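Each chain, letter by letter, is given below.
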Amino acid sequence: MKETVVSGIRSTGKLHLGNYYGAVKNFVQMQNDYNCYFFIADLHSLTTHPTPADLHGNIKHVLVEYLASGIDPENSTIYIQSDVPEIAELYLYLNMNAYMGELERSTSFKDKVRANPDNVNAGLLTYPVLMAADILIHKATKVPVGKDQEQHLEMARTFGNRFNRLYNTEYFPEPYAFSYSDKLVKVPGLDGKGKMGKSEGEANAVYLSDDPETIRKKVMRAVSDGGPTEENQAKPEPIQNLFDLMKVVSNADTLAHFEDLYSKMQIRYGDFKKQLAEDMIIATAPMRERIQDIAKDDSYLRQVAKHGALKARESAQKTIREVRSLIGFKSF
């Protein structure tokens, strides 16, 4: 029996380099070796209240880009979260044993409260419970997540183990972070302040579907500084972020060349950014072409979504039947 892998991406717009190198690239490698469930997290995206048109369009973006990135719907189960209602049912059961204190201590919840004080909804508070339901519904043991999601994964283990203790069973296995690389990848954004993300604005992220000119403009506007003032000095965060991006998309010789120039106080950020932009364009070119082709084929997209929902529900329905029995729900 192959181990089960589960991971998903929120349907809040187009996929960017952070999504690809932090998650989707691993998905492509995993699908031949594991029993993989890759989902589009449209229920999670409701915390930001998208319009119906935006919600549907964003789901399509992610589905197209999953396929364009190389995820094979025959080797993996690709599905839309809301097509599997059993996830919401398990979310309800897990919520009954999730405590306010632990949810309020979640780092991501505190970050969201600070960033959006006028939209502190219950979905944000219980976000880790829904993520746990996503994982536990398929009894996954491996979850490819970024560094920022490790706490959520720890909470998924907590909720699964708590269920097991409460109902005197060993039903849910413990899920752990998983990557084909030696460490979890965190792809920085262009704003100089942390990871690449959609919520930080268009200019912070380079999308897989961005055309070459858009990529060049975004990278040239990336936050930098006046340059090093002494040899071999430590790089400030915005500059280290740009070098970390180059580490992801460029070859080792290119990175070493610019590292050397920085150490010798000879770096010209204009040249550095031009090289970074061109390497991003080359890295995304194959996916950009496939995105354009797949996006036109609505019948294929419908077929993939329907096929994925059937496969995901087969697993989810089995889990819910067994969970209901363990809890004590029985027919008369």
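Residues numbered from 1 in each chain as written. Predicted model: local features only at pLDDT ≥ 70, side-chain atom pairs only at ≥ 80, totals over all residues. Heavy atoms only, no water.

Novice: Can you explain the overall build of the chain? Please cite residues and give values.
Specialist: If you tally the helices and strands in the chain, you get 14 helices and five strands. Expected size for 332 residues packed as a compact globule is a radius of gyration near 20 Å; at 21 Å, the chain falls within 12% of this value. Principal-axis analysis of the C-alpha atoms places the extent of the chain at approximately 80 × 45 × 40 Å. Among the 332 residues that make up the chain, the fraction classed as buried is 48%. Taking the contacts inside the chain whose residues are at least 6 apart along the sequence as the reference set, 79% of them involve residues at least 24 apart. With 41 positive and 44 negative side-chain charges, the chain shows a separation of 3 Å between the mean positions of the two kinds. (Helix = DSSP H or I, 4+ residues; strand = E, 2+ residues; numbered from the N terminus. Rg over C-alpha atoms; globule rule 2.2 N^0.38 Å. Buried < 20%, exposed > 50% of the residue type's maximum accessible area, 1.4 Å probe, protein only. Contact = heavy atoms within 4.5 Å. Lys, Arg positive; Asp, Glu negative; His and termini not counted. Charge placed at Lys NZ, Arg CZ, Asp CG, Glu CD.)

Novice: Outline the packing of aromatic side chains, listing residues and values.
Specialist: Evaluation of the coordinates by the stated rule reveals 13 aromatic pairs. For the ring pair Phe27 and Phe38, a centre distance of 4.2 Å and an interplane angle of 15° mean the geometry is stacked. Here Phe38 lies in strand β2 (residues 35-41) and Phe27 lies in helix α1 (residues 17-30), a separation of eleven residues in the sequence. For the pair Phe27 and Phe38, one class covers both residues: buried. (Phe/Tyr/Trp six-rings, centres within 6.5 Å; stacked < 30°, edge-to-face > 60°.)

Novice: A description of the environment of Tyr176 should follow, citing residues and the corresponding values.
Specialist: Position of Tyr176 relative to the elements: it lies in strand β5 (residues 176-177). Note on Tyr176: relative accessible area 42%, which makes it partly exposed. Residues Tyr176 and Glu150, 26 residues apart in the sequence, show an inter-C-alpha distance of 8.8 Å. When residues no more than four places from it in sequence are discounted, the contact partners of Tyr176 are Thr141, Lys142, Val143, Leu153 and Arg157. A distance of 2.6 Å separates a polar atom in the side chain of Tyr176 from a polar atom in the side chain of Glu174. (Polar contact = N/O pair within 3.5 Å; in protein donor to acceptor, adjacent residues only side chain to side chain.)

Novice: Provide a residue-level description of the pairing of strand β3 (residues 77-80), including the pertinent values.
Specialist: On a regular strand, each side chain points to the face opposite its neighbour's, so the side chains alternate between the two faces of the sheet. Side chains of β3 alternate between two faces, with Thr77 and Tyr79 and Ile78 and Ile80 buried alike. Relative to β3, β2 is paired through four bridges, and the arrangement is parallel. Along β3, the bridge assignment pairs Tyr37 with Thr77. (Pairing = 2+ DSSP bridges.)

Novice: Please set out the packing of helix α11 (residues 237-249) against helix α12 (residues 252-263) residue by residue, giving values where relevant.
Specialist: At a closest axis distance of 9 Å, the pairing of α11 and α12 adopts a crossing angle of 160°. Here α11 is positioned roughly antiparallel relative to α12, judged by the angle of their axes. Relative to α12, α11 is oriented so that their crossing is left-handed. The residues of α12 that touch α11, namely those facing Ile239, Phe243, Met246 and Lys247, are Thr254, Leu255, Phe258, Glu259 and Tyr262. When its residues are assigned to classes, the contact of α11 with α12 shows six nonpolar, one polar and two charged. (Axes fitted to C-alpha atoms, helices over the stretch in contact; angles between N-to-C directions. Parallel < 35°, antiparallel > 145°, perpendicular 65-115°, else oblique. Left-handed = near helix turned anticlockwise from the far one by under 90°. Nonpolar A, V, L, I, M, F, W, Y, C, P; charged D, E, K, R; others polar.)

Novice: Residue-level account of α1, with values.
Specialist: An α-helix turns once per 3.6 residues; consequently, residues spaced three or four apart project the same way. Look at α1: 19 Å from first C-alpha to last across 14 residues, which is about the 20 Å you get at 1.5 Å a residue. Roughly 40° is the biggest bend found in α1, and it falls at Ala23. Of all 14 residues making up α1, eleven are buried, and the element is well covered by its neighbours. Leu17, Gly18, Asn19, Tyr20, Tyr21, Gly22, Ala23, Val24, Asn26, Phe27 and Met30 are the residues of α1 that are buried. Packed against the buried residues of α1 are β1 (4-10), β2, α3 (52-68), α11 and α13 (269-295). (Expected span 1.5 Å × (residues − 1). Bend = angle between axes of the 7 residues up to and from the residue.)

Novice: Could you give me a rundown of the nonpolar core, with the residues and numbers involved?
Specialist: In this structure, Tyr66 and Met280 are the most contacted members of the largest nonpolar core, which totals 58 residues. Sorting elements by how many residues they give to this core places α13 first, with nine residues. Setting aside residues up to four positions removed in sequence, Met280 forms contacts with Leu17, Val206, Ile215, Val219, Leu245 and Val249. (Core = buried A, V, L, I, M, F, W, Y, C linked by side-chain atoms within 4.5 Å.)

Novice: Please provide a residue-by-residue account of the pattern of salt bridges, values included.
Specialist: A full pass over the atoms with the stated rule returns 14 salt bridges. Here Arg324 makes a salt bridge to Glu89, at a shortest N to O gap of 2.9 Å. Note that Arg324 is positioned in helix α14 (residues 298-327) and Glu89 in helix α4 (residues 86-95), a separation of 235 residues in sequence. On the basis of relative accessibility, which here comes to 33%, the residue Arg324 falls in the partly exposed class. Each of Glu213, Arg216 and Glu278 takes part in one network of salt bridges that share partners. (Salt bridge = Lys/Arg side-chain N within 4 Å of Asp/Glu carboxyl O.)

Novice: Any details on the packing of α4 against helix α8 (residues 127-136)? Residues and values, ideally.
Specialist: Where α4 contacts α8, the two axes come as close as 8 Å, and the packing angle between them is 125°. Regarding the angle of α4 to α8, the classification is oblique. The way α4 lies across α8 gives a crossing that is right-handed. Two secondary-structure elements touch here, α4 through Ile87, Leu90, Tyr91, Leu94 and Asn95 and α8 through Val129, Leu130, Ala132, Ala133, Asp134 and Leu136.

Novice: Lay out the confidence of the model for the chain in plain terms, naming residues and giving numbers.
Specialist: Counting all residues, the mean pLDDT for the chain is 92, and 97% of those residues have values of 70 or more. In the model of the chain, α1 stands out as the element of lowest mean pLDDT, 84, in contrast to α4, which has the highest, 98. (pLDDT = per-residue confidence, 0-100.)

Novice: An account of the side chain of Glu86 is requested, with residue identities and associated values reported.
Specialist: Tracing the backbone through its elements, the reader meets Glu86 in helix α4. One polar contact links Glu86 to Arg313, side chain to side chain, over a distance of 2.6 Å. Separated by 3.5 Å, the side chains of Glu86 and Gln317 make a polar contact. Residues within four places of Glu86 in sequence aside, it is in contact with Ile137, Arg313, Ala316, Gln317 and Ile320.

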